[in-house]
Amino acid sequence: TATPPVIDTVSSMAGATRVNEELNRLPLAVNGGSRNMMQWMRTFAGINLDFTAQYGSASASDQGQTQGAYMYGVRNYGSYNIDGVSAVGNYAETTRDDSAPIPDTIQEIRIATNLNAEYGQNQGSAMDFVTMSGTNKFHGSLFEYIRNDVFDARNFFATQVAPYNQNEFGGVLGGPIVKNKVFFFGSYDGYRLATAATGVIETVPDALLRGGNFSEFLGTQSVGADALGRPVYEGEIYDPSTTRTVNGVLVRDPFPNNTINTPLSSISQALQTQLPLPTSSGLANNWSGQNAPSPLTIDKFTIKVDGDFGQNRFTVGVQYVPRNNSVSGSVFPTTISQTSRILAWQPHIEINYTRILRPNLVFNIRGGWTVPYHTIGAVGLASATYGCTIGLKGTYGCGTPGVSIVDAVAQGFNTPGYGASLTFGGGGGSSSDVAGSVPLNADLSWVKGHHNAKFGGQFTDTQARYWVMPSGGGSMTFASSETGLPGFPATGEGYASFLLGLVDNSTLSSPLSN
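Rules used throughout
Residues numbered from 1 in each chain as written. Predicted model: local features only at pLDDT ≥ 70, side-chain atom pairs only at ≥ 80, totals over all residues. Heavy atoms only, no water. Helix = DSSP H or I, 4+ residues; strand = E, 2+ residues; numbered from the N terminus. Buried < 20%, exposed > 50% of the residue type's maximum accessible area, 1.4 Å probe, protein only. Contact = heavy atoms within 4.5 Å. Areas by Shrake-Rupley, 256 points an atom, 1.4 Å probe, with all protein chains shown as cover. Polar contact = N/O pair within 3.5 Å; in protein donor to acceptor, adjacent residues only side chain to side chain. Phe/Tyr/Trp six-rings, centres within 6.5 Å; stacked < 30°, edge-to-face > 60°. Pairing = 2+ DSSP bridges. Core = buried A, V, L, I, M, F, W, Y, C linked by side-chain atoms within 4.5 Å. Salt bridge = Lys/Arg side-chain N within 4 Å of Asp/Glu carboxyl O. pLDDT = per-residue confidence, 0-100. Axes fitted to C-alpha atoms, helices over the stretch in contact; angles between N-to-C directions. Patch = residues over 30% accessible without salt bridge, like charges linked within 9 Å, V, L, I, M, F, W, Y side chains within 5 Å.

**Digging into the overall build of the protein**
Each helix and strand counted, the protein has five helices and 29 strands in total. Taking all 514 residues of the protein together, the buried fraction comes to 47%. Residue pairs in contact within the protein that sit at least 24 positions apart in sequence constitute 67% of those at least 6 positions apart. Just so you have it, the protein exposes about 23900 Å², and 57% of that area is on carbon and sulfur atoms.

As structure tokens, then:
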């Protein structure tokens, strides 16, 4: 029969523990992303992790992130410690880690509830991770995990298999620095993911529309007459510069042959040069292809040094993620797309010192520093400056403006009952945030006969700041009313209004810092 578990008569805490030997036998769900020690938390009863991506469209699992945890019914308000030191970077979400340590460095995991008083800033639960330490012998391992698109099937609407190449590689090594005294344990983990969505369908203008020729949209049946008695046809476009009042009614002259014969906007012409030509016939949903590539690059380094000098013992641990960069590829070239980039890094430092004052009296002081930093947006991409390149003025920055072309009526964009439209740009903005915490704990443990006492305190300095820089180019909507005949909603075309630079409505956001 199995040996019954030993009853803890010293602490009132309850929980469960997984040690390295058990962890190595557990399956590790990677969800097509990087290996994340937080996935093991799902093997504990009462724990449900949130892997929803905080930054961009790359999954949180891909980025090695966990955005928080539901611990026994309470979200984000449990302690999260590595080697006894708080690893929280943002105290608004105390169980969040933007780049968790790799599984190969974990020696033990413990989930606890009904916590002792030394666990502050939580609602009764804690996650504690103990990382591996070096020994008097050198031990190490290398690993690589590969997945690619060789055995994948293509999307029904795609002409080829979506590119997908995933590699995770690295290794761990531990051993002595000074035999029996000082030891080290280090790791490196690299993750590379390259993918792009295929089978993407969009509506783009054909060669006639780009030149201002809307004869394809002109209907043959009259939908009424204007104030001068002239017949009005569905899809007919009108010259807004000829607007006047006749018998109290607004009148405009139609463009001859439904073709614009006045100068086109230079900015609109520059923007439309970035739109691809149709890959199929028709005026709606006439282009298929793939998004811009979405690469993800992560590098993680850890080093831990332990020293044992009799009455004095110390641990110094450093985890550094110098690069957690991704690109969320969108449709169309980066000059006019909403493709965005995430640049992230995160250092985590822990220092732990223990002094055995007497056999029954032990002093411990420990502290740390965690600073997750992110910049999200069009940093370094063409859309960050393309607005100025094409001559856009009167805005806060140089980003590509967001363009939405709607309300076209005949056979093309947003055909009644069909819903096609054209939207591009607006991806030139960026935002940055940095959050940090510096925890410091000190405690004194005293054993006297049958009694145990522990005294201590905790101090934490935490800061958070963010900056938001909108695209600077603003957003603009082009509708049919600017090139239609007032009172006849079946006339005009949003794309004609776009070519003439006639904005229906727009917004412009100012930078924000806090």
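**Some thoughts on the environment of Tyr-386**
Inspection of the secondary structure puts Tyr-386 in helix α4 (residues 386–389). Tyr-386 sits 39 residues away from Gly-425 along the chain, and the two C-alpha atoms are 9.8 Å apart. Apart from the residues within four sequence positions on either side, Tyr-386 is in contact with Ala-270, Leu-271, Thr-273, Gln-274, Thr-335, Ile-336, Cys-398 and Thr-400. Here Ala-270 takes part through its backbone oxygen, which lies 3.2 Å from a polar atom of the side chain of Tyr-386.

**A look at the packing of aromatic side chains**
For any pair of aromatic rings, geometry is given as the distance between the ring centres together with the angle between the planes. Here the structure, examined in full by the defined rule, presents 12 aromatic pairs. For the ring pair Phe-309 and Phe-314, a centre distance of 6.2 Å and an interplane angle of 15° mean the geometry is stacked. On the basis of relative accessible area, Phe-309 is assigned to the partly exposed category, the value being 42%. On the basis of an interplanar angle of 85° and a centroid distance of 6.2 Å, the ring pair of Phe-424 and Phe-498 is categorised as edge-to-face.

**Thoughts on the pairing of strand β20 (residues 340–358)**
Residues in a regular strand point their side chains to alternate faces of the sheet. Taken together, the 13 bridges between strand β19 (residues 312–328) and β20 define a ladder with antiparallel strand orientation. For Val-327, the partnering residue across the bridge sits in β20 and is Arg-341. Examined bridge by bridge, β20 and strand β22 (residues 373–377) share five bridges and lie antiparallel to one another. When the sheet's bridge partners are listed, Leu-343 is paired in β22 with Thr-375. Sheet analysis places β20 next to strand β21 (residues 361–370), joined by 10 bridges and oriented antiparallel. Note on β21: the bridge partner recorded for Thr-354 is Asn-364. Between β20 and β21, which pair antiparallel one after the other, the connecting turn spans two residues.

**What to know about the nonpolar core**
One finds Phe-214, Phe-332, Phe-424, Tyr-495 and Phe-498 to be the most contacted residues of the largest nonpolar core, which totals 30 residues. For this core, the elements supplying multiple residues, two or more each, are α3 (266–272), β23 (402–405), β24 (422–424), β27 (475–478) and α5 (494–500). In this structure, Phe-332 is in contact with Glu-202, Val-204, Leu-275, Pro-276, Trp-287, Ser-337, Leu-422, Thr-423 and Phe-424, ignoring residues within four places of it in sequence. Among the nonpolar cores identified, the runner-up in size contains 17 residues, and Trp-40, Ile-47, Tyr-80 and Ile-106 belong to it.

**Things to note about the environment of Ile-303**
Within the secondary structure, Ile-303 sits in strand β18 (residues 296–309). Along the sequence, Ile-303 and Phe-185 sit 118 residues apart, while their C-alpha atoms lie 5.7 Å from each other. Discounting chain neighbours no more than four positions away, the residues touching Ile-303 are Phe-184, Phe-185, Gly-186, Val-316, Gly-317 and Val-318.

**Focus: the pattern of salt bridges**
Tallying each qualifying case throughout the model produces eight salt bridges. For Asp-253, the salt bridge goes to Arg-230, with nearest N and O atoms at 3.0 Å. Taken as a pair, Asp-253 in strand β16 (residues 249–254) and Arg-230 in the loop between β13 (222–225) and β14 (231–233) lie far apart in primary sequence, 23 residues in all. Looking at Asp-253, the relative accessible area reads 23%, which means it is partly exposed. A relative accessible area of 26% places Arg-230 in the partly exposed class. Connected through salt bridges with shared partners, the residues Asp-226, Arg-230, Arg-244 and Asp-253 form a single ionic network.

**Points about the confidence of the model for the protein**
Summary statistics for the protein give a mean pLDDT of 82 and a share of 84% for residues scoring 70 or more. The model gives residues 53–64 a pLDDT under 50, and that stretch makes 52 contacts with residues more than four places away or in other chains. Confidence drops under a pLDDT of 50 for residues 408–419, and excluding neighbours within four residues, the segment shows 41 contacts in the predicted structure.

**Remarks on the sheet that holds β24**
Here four strands make up an open sheet; going across it, the order is β24-β23-β27-β28 and the pairing mixed. Whereas interior strands pair on both sides, the edge strands pair on one side only; in this sheet they are β24 and β28 (505–507). Averaged over all pairs of adjacent strands, the angle between their axes in this sheet comes to 10°, without regard to strand direction. Here β27 pairs with β28 via three bridges, running antiparallel. From the neighbouring strand, Ser-475 faces β28, where its bridge partner is Thr-507.

**Concerning unusual backbone geometry**
The phi dihedral of Asp-83 falls on the positive side, at around 55°, and the residue is not glycine. You will see that Asn-247, though not glycine, has its phi angle at about 55°, which is positive. Topologically, Asn-247 is positioned in the loop between β15 (238–246) and β16.

**Section: a nonpolar patch on the surface**
Taken together, the side chains of Phe-301, Ile-303, Val-316, Val-318, Tyr-320, Trp-345 and Ile-351 define a hydrophobic patch exposed on the protein surface, amounting to about 560 Å² of accessible area. Secondary structure elements with two or more residues in the nonpolar patch: β18, β19 and β20. Tallying contributions element by element places β19 first for the nonpolar patch, with three residues. If you trace the backbone, Tyr-320 turns up in strand β19. Accessibility expressed as a relative area gives 37% for Tyr-320, which makes it partly exposed.

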